[in-house]
Each structure stands twice: as C-alpha cells, then as structure tokens.
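# Chains, contacts and geometry: an overview
The residues making up each chain are set out below.
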Amino acid sequence: MRLVAETGAEHGVAVLSPEWLLFYFMTPAFEKLQQQLKQLPGLGYRSAERIALHLLVEKPAQLTALVTALEAASRSVRRCERCGNLAEGDVCGICADERRDRSVVCVVEHVPDLVALERSGAYRGSYHVLHGKLSPIHGVGPDQLNLAALQARLAAGEVAELILALSNDVEGEATCHYLTEQLPSEQAVKVTRIGFGLPSGGGVHYADSITLKSALDGRRSYS
Ligand SMILES: [Zn+2]
C-alpha cells in the first residue's frame, strides 16, 4: 500500500494516498453511512463524507437529535389521501382548510412545486401532487403517479377547473396530454396550463429559445 499519493509526491508534499485515508477512518459502518448520505439529492461523495464526519465526530449530539427527528417524521408524516401533499393526519392542512376553493385543482409534480406556489401567495385553490411525471425512459408510467386519487376527485364531480402546473418539457407535456385524455367525458372540466414566460425583470434578449417559444404561445390579449 502506497503511503504517499504520487500527485502529492511530485510537488514534494506528503499527501496520503486514498488507500491510507480509507485505512484510517473508513470503517464499514462509516462507509455504510456515507453511502446512504450520498443517495440524498444534492449530496456527492465529498459532501456525504463531510456530513458523516460532522455527525459522528464533531457533533454527536446532533446525530441523536437527527435520528429522533427522522424516526418521528417517518412515523407521522404521510401523503394526504386527497391530494398527495405531506400530511400528519388523513388530509393535509390545505385540504382541511375550508377557505380554499376545492373546485379549482392545481396539478403539480412534486411537493416543492406546491410550496413554491404557496409562497407566491397568488393561489387560493387546492392542489394535486402527482409525485412525478410520465417518463417511459425512466420507467415512470401512469401506475407510478398519484392518479387514482385525482380520478376519484374528478369522478366525485367536485372539480370545475384543472390547472396543469407541470414542467415545460416533453415529459411534462406528455403528462398534461395524458391527464386531459383521462378526463370523464360526461363532465365539463375546464383545463388550463400555467403560462411559461420571461422571468420577472428579465429582458427578451436574455431568454433561451424554449422560454421565448412558451412566452409567445402563452400570450394573452392586452387591452
Ligand atoms: Zn391535501
């Protein structure tokens, strides 16, 4: 086993080789924890290593609190049985709020999309979270999406308008198309798609071609 990495030795610096680093602190349990952390969104190998060291060595008290919080959340947080949002009871806070307009349903891909729309304060209807979008390449078909609950809401006749707030890409378009095909023919449900246009404060010359096409397609009368 080489003690000094060749790249470091070239510069006269005693840099420990990766093998020795592993030998020093990569116990099987540590490696398992790092592998699990690496699966989380936005975390690469180095970030996972840093977090694992932080929790195990620097701040072990935080690790205990984190484990307790994870266990509590996994026991109590679930999907709202009506819309798919996060809930701690049968339905989420939005579905339980009588002031929200249940006849208007904004369909989103993921919970963070719902959070972003809520943060805008511009919407007072209800939601439906699909937890994904149709993507044959990634093996996501209708059965993998939260569609049964949406069909139940439509069948109950409580929906007057569906606002499709799905991605502005091929998979988002395919999902929109699928949803409109599945609408009960006997009901007159208005279907709208959110407009995709220029970012606030952004000029036309900064926009990419897809955004400009969406902005043109989604134009509305100005008078
Ligand atoms: Zn809900």
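Remember, predicted model here, so these are calculated numbers, not experimental data.

## Thoughts on the overall build of the chain
Along the chain, the regular secondary structure elements total ten helices and six strands. Across the 223 residues in the chain, those meeting the buried criterion constitute 14%. In the chain, of all internal contacts separated by at least 6 residues, the share reaching a separation of at least 24 is 45%.

## What to know about the pairing of strand S5 (residues 161–164)
Pairing geometry for strand S3 (residues 101–108) and S5, over four bridges, is parallel. Counterpart to Cys 106 in the pairing with S5 is Ile 163. Of the strand pairs in this sheet, S5 and strand S6 (residues 190–193) are connected by four bridges, and their pairing is parallel. Bridged to Ile 163 within S6 is Thr 192. At this point the chain moves from S5, through helix H9 (residues 170–181), to the parallel S6, and the crossover so formed is right-handed.

## Some thoughts on the pairing of S3
As defined by bridge partners, S3 adjoins strand S4 (residues 125–129) across five bridges and the pair is classed as parallel. Along S4, the bridge assignment pairs Val 107 with His 128. Of the crossover connections in this fold, the one passing from S3 over helix H7 (residues 111–120) to the parallel S4 is right-handed.

Thresholds applied
Residues numbered from 1 in each chain as written. Predicted model: local features only at pLDDT ≥ 70, side-chain atom pairs only at ≥ 80, totals over all residues. Helix = DSSP H or I, 4+ residues; strand = E, 2+ residues; numbered from the N terminus. Buried ≥ 20, exposed ≤ 12 C-beta atoms within 10 Å, placed from the backbone. Contact = placed C-beta atoms within 7 Å. Pairing = 2+ DSSP bridges. Right-handed = clockwise from strand over helix to strand, strands pointing away.

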